[in-house]
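Observations on the model geometry
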Amino acid sequence: MKFSVSLYSFYSAIQSGEMTSEECILAAKELGFDAVEAVDFVNFSGTQEEMEAQARHLKEVADRCGLPFSSLAVAADFLNGSGGNLEQEVQRVKSWVDIAALLGAPRMRHDITQGYARDSGKYQSYDSLLPTLAQATREVTEYAAAKGVVTMTENHGFFSQDSERVEKLYTAVGHPNFGLLCDIGNFLCADEDPAQAVARLAPYARYVHAKDFIVKPFYSEDPGEGAFRTRGGNFLRGTVIGHGNVPVKQCLHLLKAAGYDGTVAIEFEGMERPLDAVRIGLANLKKYWSEV
């Protein structure tokens, strides 16, 4: 088992100017991580050529630390992205595959869609959109296979979030270069029990995000700043792994029972200080994994 950290975990420190991307990589090494994960809007900006230069620079920094990039995470929407032009959106996502290859990342995770807005007049069920989404995803992963990059989607974005929906997509794509990123916390965004969802998706997992949330039901007091609502109207707030309501240890047990022995990456999105959050989270993850 290897432990990585998404550089998104340091996003608040990067935004405030407290840390740079390079300093986050150095911190990950000092904290004892085995790898780091890059994220499109956190670590890159500008033209394709500028982002490729940024990728080479970040790889140089990571190489000096002895840390590989475990993955690259990018946004995508095969219904609404690139102004609704599917061909352009597929090409845009392929350009991120090139960035992943420059990083030396063996994997790239991309979104599928957030679905059509309910008031758009185009709203459709997930199943009805599945052929379009699967074909676009397959085209990206075929391109990525030639670059030595596995592509994945994650239970993310509210619309393509439930374990049953993600499993259907995986089956519909049906390509050996395509797998699933199993985020053990994100199932709560769709009000799904994380343990049951992980049990369903563990056989397909090529990569794992470890995340924790504090959950408050709809009828409790609104926690205000820092929280957001689930699809069913409950409240979630990101927190340190082991401090929230996600059954992290149980999820790790289910992954291990399914034979998963790949990389687990911390993705912290709480209000706590990032350095403390990922340090404590890593210690808890290692302890839980050793106990299951």
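Shown above is the structure to which this text applies.
To keep things clear, this report deals only with the structure shown in the data block. Residue indices begin from 1 for each chain and proceed along its sequence in written order. Residue-level local features of this predicted model are given only where pLDDT is at least 70; pairs of side-chain atoms are given and counted only at 80 or more, and the full residue set underlies all totals for whole chains, interfaces and linings. To get the side-chain values, all heavy atoms of the structure are used, and hydrogens and water are removed first.

So, the overall build of the protein
Note the threshold: For helices the rule is a DSSP run of H or I covering at least 4 residues; for strands it is a run of E covering at least 2, with both sets numbered from the N terminus onward. The size measure is the radius of gyration over C-alpha atoms, and the globule rule it meets is 2.2 Å times the number of residues to the 0.38 power. Whether a residue is buried, partly exposed or exposed follows from its accessible area with a 1.4 Å probe, protein chains only, as a fraction of its type maximum: under 20%, in between, or over 50%, in that order.
From N to C terminus, the protein includes ten helices and eleven strands. Against the globule reference of 19 Å for 292 residues, the protein gives a C-alpha radius of gyration of 18 Å, in line with a compact fold. Projected onto its principal axes, the C-alpha coordinates of the protein cover approximately 50 × 45 × 40 Å. The buried share of the protein, taken over its 292 residues, is 52%.

Overview of the environment of V248
Using the following cut-off: In this analysis, two residues are considered to be in contact whenever any of their non-hydrogen atoms come within 4.5 Å of each other.
Among the secondary structure elements, V248 is positioned in helix α9 (residues 248–257). Judged by its relative accessible area of 3%, V248 falls in the buried class. Between the C-alpha atoms of V248 and Y116, which are 132 residues apart in sequence, the distance is 32 Å. Sequence-distant contacts of V248, defined by excluding residues within four places in its chain, comprise I184, K211, D212, I241, L285 and Y288.

What about the environment of V149?
By secondary structure assignment, the location of V149 is in the loop between α6 (126–147) and β5 (150–154). On the accessibility criterion, V149 (1% relative accessible area) is buried. Considering only alpha carbons, one finds V149 and L72, 77 residues apart in sequence, at a separation of 10.0 Å. In contact with V149, other than residues within four places in its own chain, are V97, A100, A101, A105, P106, R107, M108, A144 and N177.

Side note on the sheet that holds strand β7 (residues 205–210)
Here is the rule: A pair of strands is labelled paired if DSSP reports no fewer than 2 bridges between them. Working convention: axes come from line fits to C-alpha atoms, limited for helices to the stretch in contact. Angles between N-to-C directions cover 0 to 180 degrees.
The parallel closed barrel is built from eight strands, whose spatial order is β1-β2-β3-β4-β5-β6-β7-β11. Geometrically, the sheet is characterised by an average inter-axis angle of 30° between neighbouring strands, direction not taken into account. Strand direction decides the pairing type here: strand β1 (residues 2–6) and strand β11 (residues 263–266), joined by four bridges, are parallel. By the bridge assignment, K2 is partnered in β11 with T263.

As for the pattern of salt bridges
Keep this limit in mind: Salt bridges are defined as contacts in which a side-chain nitrogen from Lys or Arg sits within 4 Å of a carboxyl oxygen from Asp or Glu.
In total, this model carries 19 salt bridges according to the counting rule given. Between D276 and R273 there is a salt bridge whose closest N-O contact spans 3.7 Å. We classify R273 as partly exposed; its relative accessible area is 43%. Here the salt bridges share partners, and the residues they tie into one network are E18, R273, D276 and R279.

Some remarks on the packing of aromatic side chains
Let me state the cut-off plainly: The pairing test for Phe, Tyr and Trp rings, Trp by its six-membered ring, is centres within 6.5 Å, and the orientation test on the planes gives stacked under 30 degrees, edge-to-face over 60, and tilted for anything in between.
Per the stated rule, a full pass over the model turns up ten aromatic pairs. Relative to F228, the ring of F213 lies with its centre 5.8 Å away and its plane at 75°, an arrangement referred to as edge-to-face. A residue pair is termed long-range when its members are at least 10 positions apart, and F213 in strand β8 (residues 212–216) and F228 in strand β9 (residues 228–229) qualify at 15 residues. F213 sits in the buried class, given a relative accessible area of 0%. Judged by relative accessible area, F228 falls into the partly exposed class, the value being 28%. Measuring from ring centre to ring centre gives 4.9 Å for F218 and Y219, while their planes differ by 90°; the resulting arrangement is edge-to-face. Residue classification places F218 among the partly exposed residues on the basis of a relative accessible area of 39%. What makes Y219 exposed here is its relative accessible area of 79%. Members of the aromatic cluster, joined through ring pairs, are Y8, Y11 and F41.

Everything listed here is a matter of geometry and, on its own, says nothing about what the molecule does.
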